[in-house]
Amino acid sequence: MWERFSFYGMRALLVFYMIKGFLRYTDDQAYGVYGAYTALVYAAPFLGGILADRLLGARRAVIMGGLLMAAGHLLMTVQTTSRSSLPCPC
């Protein structure tokens, strides 16, 4: 459930953030990153399943996956809030 919540939330905001937000990407750059993100979202469960089945076990894999998602969102939040206090480079 949380993985889907994270994916659709990021999907809705990612391109907007890259174009209009702090990154100032062009449309082509932003859609390239968006395409790579979408591809990795579908490839990661396959690779993670192999890793979980062979090395970690289901319980440890779920805990590590949740911690990695939380850390990624925390890093994006910290990055965004620290940059918002800087003056606009307009």
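A.B. asks: When you look at the overall build of the chain in this model, what are you seeing that I'm missing?
C.D. replies: The number of helices and strands found in the chain is three helices and zero strands. If you list the helices and strands of the chain from N to C, you get α-α-α. Summarising the internal contacts of the chain: among those between residues at least 6 apart in sequence, 52% fall at separations of at least 24. With an accessible surface of roughly 7200 Å², the chain has 71% of that area assigned to carbon and sulfur atoms.

A.B. asks: Explain helix α2 (residues 27-56) here, please?
C.D. replies: Residues separated by three or four positions in an α-helix point in the same direction, a consequence of the helix having 3.6 residues per turn. The principal kink in α2, of about 30°, is found at Ala-43, preceding the proline Pro-45 by one to four residues. The set of residues buried in α2 consists of Ala-30, Val-41 and Ala-52. Gly-57 sits one or two residues past α2 and shows a positive phi near 95°.

A.B. asks: Would you mind going over the confidence of the model for the chain with me for this structure?
C.D. replies: Any region with low pLDDT has predicted coordinates that should not be read closely. Here the chain shows a mean pLDDT of 81. Residues at 70 or above account for 89%. The least confident element of the chain, judged by mean pLDDT, is helix α1 (residues 2-20) at 79; the most confident is α2 at 87.

A.B. asks: How should I be thinking about a nonpolar patch on the surface in this particular structure?
C.D. replies: Nonpolar side chains collect at one region of the surface, where Met-1, Trp-2 and Phe-5 lie side by side and expose about 470 Å² of accessible area between them. By secondary structure assignment, the location of Phe-5 is in helix α1.

A.B. asks: Explanation requested: the environment of Tyr-25 in the structure shown.
C.D. replies: As for its placement among the helices and strands, Tyr-25 is situated in the loop between α1 and α2. The partly exposed category is assigned to Tyr-25, whose relative accessible area is 31%. Between the C-alpha atom of Tyr-25 and that of Val-15, which follows or precedes it by 10 residues, the distance is 9.0 Å. Apart from the residues lying within four places of it in its own chain, the contact partners of Tyr-25 are Met-18, Ile-19, Ala-30 and Val-33.

A.B. asks: Would you mind showing me how to read α1 here?
C.D. replies: For α1, spanning 19 residues, the distance from its first C-alpha to its last is 27 Å, which sits close to the expected 27 Å at 1.5 Å a residue. Along its length, α1 shows its largest kink, about 35°, at Leu-13. Considered for burial, the residues of α1 that qualify are Ser-6, Phe-7, Met-10, Leu-14, Val-15, Met-18 and Ile-19.

A.B. asks: Can you help me understand the nonpolar core in this one?
C.D. replies: The nonpolar side chains of soluble globular proteins are, as a tendency, buried together. Counting six residues, the largest nonpolar core is built from Met-10, Leu-14, Val-15, Met-18, Ile-19 and Ala-30. Counting residues per element, this core draws most heavily on α1, which supplies five residues. When near neighbours in sequence (up to four residues on either side) are disregarded, Met-10 contacts Tyr-37, His-73 and Met-76.

The rules behind these values
- Residues numbered from 1 in each chain as written.
- Predicted model: local features only at pLDDT ≥ 70, side-chain atom pairs only at ≥ 80, totals over all residues.
- Heavy atoms only, no water.
- Helix = DSSP H or I, 4+ residues; strand = E, 2+ residues; numbered from the N terminus.
- Contact = heavy atoms within 4.5 Å.
- Areas by Shrake-Rupley, 256 points an atom, 1.4 Å probe, with all protein chains shown as cover.
- Bend = angle between axes of the 7 residues up to and from the residue.
- Buried < 20%, exposed > 50% of the residue type's maximum accessible area, 1.4 Å probe, protein only.
- pLDDT = per-residue confidence, 0-100.
- Patch = residues over 30% accessible without salt bridge, like charges linked within 9 Å, V, L, I, M, F, W, Y side chains within 5 Å.
- Salt bridge = Lys/Arg side-chain N within 4 Å of Asp/Glu carboxyl O.
- Expected span 1.5 Å × (residues − 1).
- Core = buried A, V, L, I, M, F, W, Y, C linked by side-chain atoms within 4.5 Å.

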